[in-house]
Amino acid sequence: MESALNLTAKLVFLLVLIYGCYGDLQDLSGKVFVIPTPTRTSHIKLHANVSKPISAMTMCQRFNSELERGQSLFSLATQSHDNDLLLYKRSMGVYRVHIRGDILDFFSLPDSKNEWISICWTWDSKTGLTQLWVNGKRSARRILKPDTSVTGTPSIMLVQEQDSYGGGFDASQSFVGEVTDVHFWDSVISPCEIQMYMELNRFNPGNILNWKDLQFSIEGKVFIEKSELKNECHNY
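Residues numbered from 1 in each chain as written. Predicted model: local features only at pLDDT ≥ 70, side-chain atom pairs only at ≥ 80, totals over all residues. Heavy atoms only, no water.

Attention now goes to empty space enclosed by the protein. Scanning the model with the defined rule gives one cavity of 30 Å³ or more in all. Of the pockets and cavities examined, the largest cavity occupies roughly 40 Å³. The wall of the largest cavity is formed by Phe-63, Ser-65, Leu-67, Gln-71, Lys-89, Asp-111, Ser-112, Lys-113, Glu-115 and Ile-117. For the lining of the largest cavity, the class distribution of residues is three nonpolar, three polar and four charged. (1 Å grid on protein atoms, 1.4 Å probe; cavity = no way out; pocket = protein on both sides within 12 Å on 5 of 7 lines; lining within 4 Å. Points joined across faces, edges and corners; volume = space filled by probe spheres on them. Nonpolar A, V, L, I, M, F, W, Y, C, P; charged D, E, K, R; others polar.)

Another aspect to go through is the sheet that holds strand S1 (residues 24-26). Read across the open sheet, the eight strands follow the order S1-S15-S3-S13-S5-S6-S7-S8; overall the sheet is antiparallel. Each end of this open sheet is capped by a strand with a single partner; those strands are S1 and strand S8 (102-106). Across the sheet, the mean angle from the axis of one strand to that of its neighbour is 25°, orientation sign disregarded. Of the strand pairs in this sheet, strand S3 (residues 43-46) and strand S13 (residues 155-158) are connected by three bridges, and their pairing is antiparallel. Within the sheet, the bridge partner assigned to Leu-46 lies in S13 and is Ile-156. (Pairing = 2+ DSSP bridges. Helix = DSSP H or I, 4+ residues; strand = E, 2+ residues; numbered from the N terminus. Axes fitted to C-alpha atoms, helices over the stretch in contact; angles between N-to-C directions.)

This brings us to the packing of aromatic side chains. Applying the stated criterion across every chain yields a total of six aromatic pairs. For the pair Phe-74 and Phe-184, a centre-to-centre distance of 5.8 Å together with 15° between the ring planes defines the contact as stacked. One end of the pair, Phe-74, is in strand S5 (residues 71-77); the other, Phe-184, is in strand S14 (residues 177-185), with 110 residues separating them in the sequence. Assigned by exposure class, Phe-74 and Phe-184 land together as buried. Summarising the aromatic geometry, the rings of Trp-185 and Phe-203 are spaced 6.4 Å apart at their centres and angled 55° between planes, so their arrangement reads as tilted. Residue Trp-185 is found in strand S14, and its partner Phe-203 is found in the loop between helix H2 (191-198) and strand S15 (214-219); the two are separated by 18 residues along the sequence. An identical accessibility class is assigned to Trp-185 and Phe-203; each is buried. (Phe/Tyr/Trp six-rings, centres within 6.5 Å; stacked < 30°, edge-to-face > 60°. Buried < 20%, exposed > 50% of the residue type's maximum accessible area, 1.4 Å probe, protein only.)

This is how it looks when you write it as structure tokens:
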């Protein structure tokens, strides 16, 4: 029979493996990720239990940056598509969405430097309808990739665009600033729920990614700091 010491060592090794693969699990209420410099290595990997193909979705987050150049906000890749779901801020007021490699640009949306921007992105594969909400203003509804779904094990990153599954980062596309309140649903949530998110009111958190119960791992110069957003005592 194995000694108690050997069994303990094996258990510790197993826990290290699990922690290393799946990252930390935290309630990040009132916290922000801070990315102070452009980089091709620093990133936040989000771990989600996606058990079925994604045929509809809503992704919401808040960010604050002083940059005017293009930068990646949310990147979901699979082994078959590096741009399965990508939200990319091209320039001031201009956002680009990718779904399974196809692209749409949205123009003239609210934007400002060194101010918090609340953004939500929805897509429903039944119709292909997709839209953005930025600081309470909704874009026009557009059609992108109807009758399809995102399949495979997702690699989800904040602040970097994946040009390959889990990597292929480019410093010129990296986000610099602060990110908070990231949520992801495998459905299109209602306009009322989106407005409640925008206004920091009570809403139902994401069922795939939930800022209050987020599993993530950090690589490089990414810091977790307290947020100064008003109404940080709000309950989800």
